[in-house]
Structures are given as structure tokens and as C-alpha cells.
Amino acid sequence: MCMGDGKTSERFRKRTEAAKRENSSVCQNERRWTRTAGLAWLVLACAGIFSACAATDRPAEQNGNVLDMEARTEQETVDMAKSSFLQDQEAVEWNNLHRKSEMECSYAAQFSVDYYDKDYKLITIAQENRYLVVPEGAPVPTGLPKDVAVLRQPLSRIYLTATSAMDLFRALDSIDKIRLSGTDASAWYIEEAQEAMERGEILFAGKYSAPDYELILAEQCTLAIESTMIYHTPEVKEQLENAGIPVLVEYSSYESHPLGRMEWIKLYGALLDREQEAADYFASQQALLEQLKTPQGEKKTVAFFYVTANGSVNVRKSGDYVAQMLELAGGDYVFSDLAERENALSTETIQMEAFYAAAKEADILIYNSAIDKELTALDELLAKSSLFADFKAVKNKNVWCTGKNMFQESTGLCDLIVDFYRVLTDENVEDWDLTYLFRLQ
């Protein structure tokens, strides 16, 4: 069921209201109180059985007094259990919680994690969106600012439409926390995600702009993780939140440094209480780059691009993370002048003639098939434009192509930089087993 026609069925409206009641702190307390009281009644019921058996040997008048006393005892026991439970639930006041520390990030600037007393965590994204991670079984603090969304642990039935996050969950061995996907099985290049969907462990719940609300509610979704594309359909975000499902919008694509994107694994580590695993994984990836030696001599020039359906060429601006990775790998990006333009997009589409002028003498061409159809031979590139025959890199057969998995595998950024480094600096590059690049013959 989607919201494309702007109408919501009566059935969904009722389920939404029910979900809101289920997710309210009052109902949470009521459910926990019911379980606590239920245990107390079970104990008292067992005691009552024995009391009833013993009462058969007493006079009727005495039995009545005993039963009255037992009734009072039962009520007092229940009242004590309820009082103790409610006291525990009301013990946390937001203003009384103290900030103890913050997460250390080396490159990521679009999120922060502050650690508070009693294992509460406050996540801030893009300097304004705030989320409080509430430990399992703990109450929501009273006095919490209204702009702070509440994320109750365990976060184990997640609806994920931000495809770049799946690989970070995989690295944390936590794909099982994803129950619903905004990407169908056939569109995943992450093997573990595709297999989980084929086994029915992850269900397709509609893409970000047209989710299956009824399925999401039926699966008791605890969190929706969206990319910033959700802001193009704000009514979807509002509808999910109205149903009691918090929406976390991730901004990893806004990180200025390539490793900042991958450092978002630490945020997901905080959501899942796997901070140490996230920190260890990130450190292991950084170690890959530390092994690279600074290239000696003149840097090789390189262009990263793809040809659009109408024959224009899409290239990366100098501030884009792919352009920066090429620089980190020791290359000289030929479109370094495409920095400050009127829009904030990280790419720009230019005419073939302009691309020809800038990249004709480039030492290396890298074709971005993660967006366009994957090329398999140089002839396929020449079929897109006869002008490519004049390019230095084509004549020297130094044209490379990316795999379709490049953008989904967020944890592979360091491997991609290493691939770039090999292509740019190693004359015996064919001896290496590259992860994301292959040469067009």
C-alpha cells in the first residue's frame, strides 16, 4: 500500500492509531506492569490453593476471617509490586542525566554521539536532527525535548532504504537486524543481503517513496533508516512517524572526506551497542591506506566519467569524494577546476566537446559503470563516441571500468583507493587482484 494517491484506507488509519498507542511510553509501562503484576498474581494464586485446602479444616467463621485477610494481603502485594515498578520507571529525568563522553571520529563531521548516564546515547545528525537511544527495558526520560526522536533498543526490525548503510550492517555482522528493505533482491550487489531476501529473512517493503505501510506495521518495525532522498517525499516520512515509527535520515553522502562516509559504521555501532566492533573495523581499513607509499615523480592525470543517454558526459567535481580518492591515491584529477558552481551537486554534466578538450591527454580514463551499463571492451566505449579514438589513454589501452558493486559496498572505499593507487603507480598492475576495477581490452 502506498500514498501515491494521497488517500489512506480506514484500515490503515486504525492500525496507525493502534501503533501510536503501542509505542507510547504509557502503554509500554502498562505492558511491563501487566507482566510484573501477572507474576505476583501467579505466586499468590499458588499460595491461595494451599490456603483453600487448609481452610476446609477450619470453622466457617474462622475461614471467612482468613479469606478476608488473604484478600487484603493479595491487594497489598499487588500494590507494592505496582508501586515499585512505577517508581523505577519514573526515576529518570532528562535534566538530571549527565553527559559523560562523546564518540571519537577522525573524519565524519555529519554526526556525533554523546554518552549519558545509565547508558543513554544522544545522536545528532547534520547538526540539527537528534535521536535518543534508550537501552532495552529503560524508561524514556521525562522532560525530553520535543525535537528529540526516541529510538528504543533493541533495534532489530529495521526498514532500510538507505542502500549505502547495508554494507555497514554487514561489516558489523548485523544484517539480521534488517527486516525490511527498500531495495529488491535483484538490485542488491551485497551477496549477504540478496541471500537474506531470497530466504525470506528480509522482506521487500517498497522503495523509499512508496513504502508498503501495512507490511511495515505488521512486521512491528522499530526504525526506518532513510537517505536524504526522503525529503523529496516528506509525506512518507510524516506518515511513518505518525504510525509511531521513528525515521533516521542519514547524511553520509554529505561527508567531505571519503573516509568520513565509511566512518558512519560507528554510528550504526552505537545504535546496535557494537561500538568496539565498529571502531576496530574502521581502524583496520585505515591501516590499508597507511601501507601506500607516496608516489614519486610527476603525477599521472586521470578522468572519472560516464556517457549519458544523450551523448553528454557526467564527471565528478573536485570536491566529490571519488575525485578526492583519486587525489589520495596519487593521481591528478583533470577536472579540478569544477569546484565552486551554482549548485551543490557533486557531479556535473558537460558536452562531449568539453570533455574531449579536458581529458584527451589524460594518462588514465576510468569509466563509472556503477551508474551506466557496465562496459566489457574498448569497442563499447568507442561506440558511444568516435572521439574516444583520439584519447591518449585509449591509444595506450589504459582505460579502466568500475564494477556495479562500487557504490553499494560502503566499506570498500579504502579498497577502491588502493585500486586507484595500483592503476596510477604500478607498471605491473596486472599482477594485482583488483577489487573494483578492470581494464577494458
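This structure is a prediction, so every number in the text was calculated from the model and none was measured.

1. Some details on the overall build of the protein chain
Counting secondary structure elements, the protein chain contains 15 helices and 17 strands. Element-wise, carbon and sulfur atoms account for 48% of the exposed surface of the protein chain, whose accessible area totals about 22,200 Å².

2. Here we look at a negative patch on the surface
A cluster of like negative charges, contributed by E191, E192, E195 and E198, occupies part of the molecular surface. Along the chain, E192 turns up in helix 5 (residues 191-198).

3. Regarding unusual backbone geometry
In this structure, P154 follows Q153 across a cis peptide bond, with omega equal to 0°. Relative to the assigned elements, P154 resides in the loop between strand 5 (148-152) and strand 6 (158-160). The phi dihedral of A126 is positive, around 55°, even though this residue is not glycine. Summarising the element assignment, A126 is placed in the loop between strand 3 (121-125) and strand 4 (129-134).

4. Overview of the nonpolar core
In terms of nonpolar packing, the biggest core is built from 113 residues, with I125, Y268, L271, F305, F355, L365 and F420 touching the most fellow members. It is helix 15 (residues 413-425) that provides the largest number of residues to this core, a total of nine residues. Not counting residues up to four positions away in its chain, the partners in contact with F305 are V313, N314, V315, F355, L365, I366, Y367, N368, L381 and F388. Counting residues in hydrophobic clusters, the runner-up holds 11 residues, among them Y116, L122, L132 and A138.

5. Things to note about the side chain of E409
Turning to its location among the elements, E409 is positioned in the loop between strand 16 (399-402) and helix 15. Within polar-contact distance, the side chain of E409 engages the side chain of Y436 at 2.6 Å. Leaving out residues up to four positions away in the same chain, E409 has contacts with D167, Y189, I190 and Y436.

6. With respect to the sheet that holds strand 8 (residues 203-204)
Taken in spatial order, the five strands of this open sheet run 8-7-6-9-10, and their pairing is parallel. With one partner strand each, in any of the chains shown, strand 8 and strand 10 (247-249) form the two edges of the open sheet. In this structure, strand 6 lies alongside strand 7 (residues 178-181), joined through three bridges in parallel fashion. Among the inter-strand pairings, I158 is bridged to a residue of strand 7, identified as I178. Its contacts with the sheet put helix 4 (residues 163-171) on strand 6, strand 7 and strand 9 (223-226), and the angle it makes with strand 6 is roughly 130°.

7. Some thoughts on the pattern of salt bridges
Here the structure, examined in full by the defined rule, presents 15 salt bridges. Residue E241 pairs with K237 through a salt bridge whose shortest N-O separation is 2.8 Å. Separated by four residues within a single helix, E241 and K237 lie in helix 7 (residues 234-242), roughly one turn from each other. Taking the shortest distance from any N to any O, the salt bridge between R274 and E277 comes out at 3.8 Å. Its relative accessible area of 25% is what places R274 among the partly exposed residues. Look at E277 and you get partly exposed, because its relative accessible area is 35%. Several salt bridges share partner residues, and in doing so they unite R99, E102 and D114 into one network.

8. Quick look at the pairing of strand 4
Of all six residues making up strand 4, five are buried, and the element is well covered by its neighbours. Relative to strand 4, strand 3 runs antiparallel, the two being bridged by five bridges. Bridging across to strand 4, T124 finds its partner in R130.

9. Here we look at the pairing of strand 16
Burial of strand 16 is two-sided: the residues V399 and C401 facing one way and the residues W400 and T402 facing the other way are all buried. In this structure, strand 15 (residues 364-367) lies alongside strand 16, joined through three bridges in parallel fashion. Across the sheet, Y367 pairs through a bridge with C401, a residue of strand 16. One ladder, built from three bridges, connects strand 16 with strand 17 (residues 437-439); its direction is antiparallel. Within strand 17, the position partnered with W400 by the bridge is R439.

10. So, the sheet that holds strand 2 (residues 111-116)
Note on sheets: strands pair through backbone hydrogen bonds, and any given pair is parallel or antiparallel. Across the sheet, which stays open at both edges, the five strands sit in the order 1-2-3-4-5 with mixed pairing between neighbours. Of all strands in the sheet, those bounded by a partner on one side alone are strand 1 (99-102) and strand 5. On average, adjacent strands in this sheet sit at an angle of 25° to one another, irrespective of strand direction. Two strands pair when backbone bridges link them, and strand 1 and strand 2 are joined in this way by three bridges, in the antiparallel orientation. Among the inter-strand pairings, R99 is bridged to a residue of strand 2, identified as Y116.

11. Describing the environment of K395
With respect to the helices and strands, the residue K395 is situated in helix 14 (residues 392-395). Classification of K395 by relative accessible area gives exposed; the value is 59%. Excluding anything up to four places from it in sequence, K395 contacts A389 and D390.

12. Concerning the confidence of the model for the protein chain
If pLDDT is low for a region, its predicted coordinates should not be looked at in detail. Of all residues in the protein chain, 78% have pLDDT values of 70 or greater, and the mean over the chain is 83. Confidence over residues 25-72 falls short of pLDDT 50; this stretch has 30 contacts with residues more than four positions distant or in other chains.

13. Brief notes about the packing of aromatic side chains
This model, assessed by the stated rule, comprises 14 aromatic pairs. Summarising the aromatic geometry, the rings of W94 and Y116 are spaced 5.0 Å apart at their centres and angled 35° between planes, so their arrangement reads as tilted. One end of the pair, W94, is in the loop between helix 3 (60-89) and strand 1; the other, Y116, is in strand 2, and 22 residues separate them in sequence. Judged by relative accessible area, which is 11%, W94 ranks as buried. Judged by centre distance (5.1 Å) and plane angle (45°), the ring pair of F169 and Y268 falls under tilted. Placement of F169 in helix 4 and of Y268 in helix 9 (residues 265-271) is noted, with a sequence separation of 99 residues between them.

The rules we used
- Residues numbered from 1 in each chain as written.
- Predicted model: local features only at pLDDT ≥ 70, side-chain atom pairs only at ≥ 80, totals over all residues.
- Heavy atoms only, no water.
- Helix = DSSP H or I, 4+ residues; strand = E, 2+ residues; numbered from the N terminus.
- Areas by Shrake-Rupley, 256 points an atom, 1.4 Å probe, with all protein chains shown as cover.
- Patch = residues over 30% accessible without salt bridge, like charges linked within 9 Å, V, L, I, M, F, W, Y side chains within 5 Å.
- Salt bridge = Lys/Arg side-chain N within 4 Å of Asp/Glu carboxyl O.
- Lys, Arg positive; Asp, Glu negative; His and termini not counted.
- Charge placed at Lys NZ, Arg CZ, Asp CG, Glu CD.
- Core = buried A, V, L, I, M, F, W, Y, C linked by side-chain atoms within 4.5 Å.
- Buried < 20%, exposed > 50% of the residue type's maximum accessible area, 1.4 Å probe, protein only.
- Contact = heavy atoms within 4.5 Å.
- Polar contact = N/O pair within 3.5 Å; in protein donor to acceptor, adjacent residues only side chain to side chain.
- Pairing = 2+ DSSP bridges.
- Axes fitted to C-alpha atoms, helices over the stretch in contact; angles between N-to-C directions.
- pLDDT = per-residue confidence, 0-100.
- Phe/Tyr/Trp six-rings, centres within 6.5 Å; stacked < 30°, edge-to-face > 60°.

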